[in-house]
Each structure stands twice: as C-alpha cells, then as structure tokens.
Amino acid sequence: MSLTGLRWSELRALRVADLQDLPFPAVRVLRAQSDGYAEKAPKSARGRRTVPLVARAHEIARGWASGKGPTDYLATSATGLQLRGTYFRRAVTWTTTSPEYTIHDLRHYAASTWLRQGVPINQVAAWLGDDPRTVLKVYAHVLGEAQDIEALRRLNAPLPSHSPNDTPEHETREGGRPEELDKTGSDQDFYCGDEGI
C-alpha cells in the first residue's frame with residue numbers, strides 16, 4: 001500500500017485479472033470493498049484508474065498472483081481468504097510496528113513520496129484517484145521541502161575566507177577604469193550588476 005497509494009478497500013477488492021504487465025506493470029482499480037460491506041465502485045468517478053507498480057510492488061503482486069485464477073482475490077490471508085483489517089494488523093503486528101498510524105497513512109506516505117520524487121501533481125492525483133486540488137491541499141507541505149533542503153545546504157556550507165589582505169586598494173569599474181575604494185568602507189559606488197541595490 002505504501003508503494004501504490006491504494007485505499008484499503010481497493011487493495012482487498014483487487015482480483016488477479018486486475019494485475020497487468022504490459023505496456024507497463026500496474027494494477028487496474030475497478031472496485032472497492034471495505035470490511036463488512038458489499039463490493040462497490042471506487043470512492044469517486046476518478047477512482048477507476050490504472051496505478052503503475054514500481055519494481056518491488058510488481059514483484060510482491062506477482063508473488064500474490066502465483067497459483068491463483070483470474071477471478072481470485074490478489075491480496076489474501078495465509079489461508080487464501082479475502083483480507084480483513086483485523087487479520088492484516090495482526091499479521092504485521094501493527095500495534096507494535098506502527099502504533100501511531102492508521103492503514104490509510106500508507107496511502108499518504110505513497111503520495112508524499114511521489115511528490116518528493118518530482119512526480120507532477122496531476123499525475124499523483126490520477127494515481128490516487130483524487131482531484132489535483134485535493135492533492136495540493138493535502139500534500140502541499142512536502143512540495144517546498146526540496147527548496148528548504150537546498151537552502152539549508154547552502155547556509156551550512158562554509159563561507160569563503162576573506163582576510164584584510166585580500167581586499168585590493170583599487171577596484172575596476174565597468175569599462176575598466178580603476179577607482180580608489182571609499183575610505184569610509186562604503187561600497188555603494190561599485191557596480192554590482194543590480195545597480196547597487
């Protein structure tokens with residue numbers, strides 16, 4: 001789920017026939033089924049979609065499909081039954097490994113990861129089955145992280161060392177004319193490329 005962004009209800013309703021290898025590895029999300037409810041269409045009109053599978057997710061899905069027929073559930077319990085939330089939480093020791101999170105947080109993890117990797121917002125929205133405005137509203141906080149990280153890298157970099165002996169007595173202005181430095185220490189008269197603002 002952390003690799004696909006699928007909702008729990010979508011994962012448990014997947015059939016082996018929903019897995020595709022060509023033109024690229026993916027799952028087709030065509031239905032959803034929450035624990036204790038009848039199967040239905042996905043949450044929204046955008047819910048029916050194709051979600052690409054990264055290599056690890058494709059490997060996992062192919063392992064799940066092994067030995068099953070096309071109409072069998074893709075993700076099942078160890079005994080071959082359709083997954084249930086309680087079984088899943090117990091199997092992965094959820095209360096120990098992830099006590100502060102919900103299963104739905106795995107969907108948020110996937111979306112945040114995609115955005116951090118530079119996947120465009122509209123593509124993330126299509127993979128999630130959401131509106132791009134919803135994605136922007138929920139995940140906008142991760143979009144500025146790359147800029148923050150780069151700014152911190154620059155701020156943490158050592159400054160170039162300057163000693164009093166490095167300052168020349170004369171500077172060359174635009175046009176190559178030498179000008180003596182202002183003895184007050186002001187550099188307002190020097191050409192800065194931005195007209196000295």
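Analysis parameters
- Residues numbered from 1 in each chain as written.
- Predicted model: local features only at pLDDT ≥ 70, side-chain atom pairs only at ≥ 80, totals over all residues.
- Heavy atoms only, no water.
- Salt bridge = Lys/Arg side-chain N within 4 Å of Asp/Glu carboxyl O.
- Helix = DSSP H or I, 4+ residues; strand = E, 2+ residues; numbered from the N terminus.
- Buried < 20%, exposed > 50% of the residue type's maximum accessible area, 1.4 Å probe, protein only.
- Pairing = 2+ DSSP bridges.

So what about the pattern of salt bridges? Which residues, and what values?
In total, this model carries 15 salt bridges according to the counting rule given. Close ionic contact of Arg12 with Asp35 constitutes a salt bridge, the shortest N to O distance being 2.9 Å. Here Arg12, found in helix α1 (residues 8-13), pairs with Asp35, found in the loop between β2 (26-29) and β3 (49-52); they are 23 residues apart in sequence, far enough to count as distant. According to the relative accessible area criterion, Arg12 is buried, its value standing at 2%. We note a salt bridge from Glu150 to Arg153, for which the minimum N-O separation is 2.7 Å. On the criterion of helical spacing, the pair formed by Glu150 and Arg153 is a turn pair, its members being 3 residues apart in helix α8 (residues 145-156). Residues participating in the shared-partner salt-bridge network are Arg7, Glu10, Arg49, Arg107 and Asp130.

Which residues make up the sheet that holds β2, and what values go with them?
The sheet built from 3 strands is open, its strands ordered β1-β2-β3 with antiparallel pairing. Here the strands that pair on one side only, and so sit at the sheet edges, are β1 (19-20) and β3. Relative to β3, β2 runs antiparallel, the two being bridged by 4 bridges. Bridge assignment links Ala26 to a residue of β3, and that residue is Pro52.

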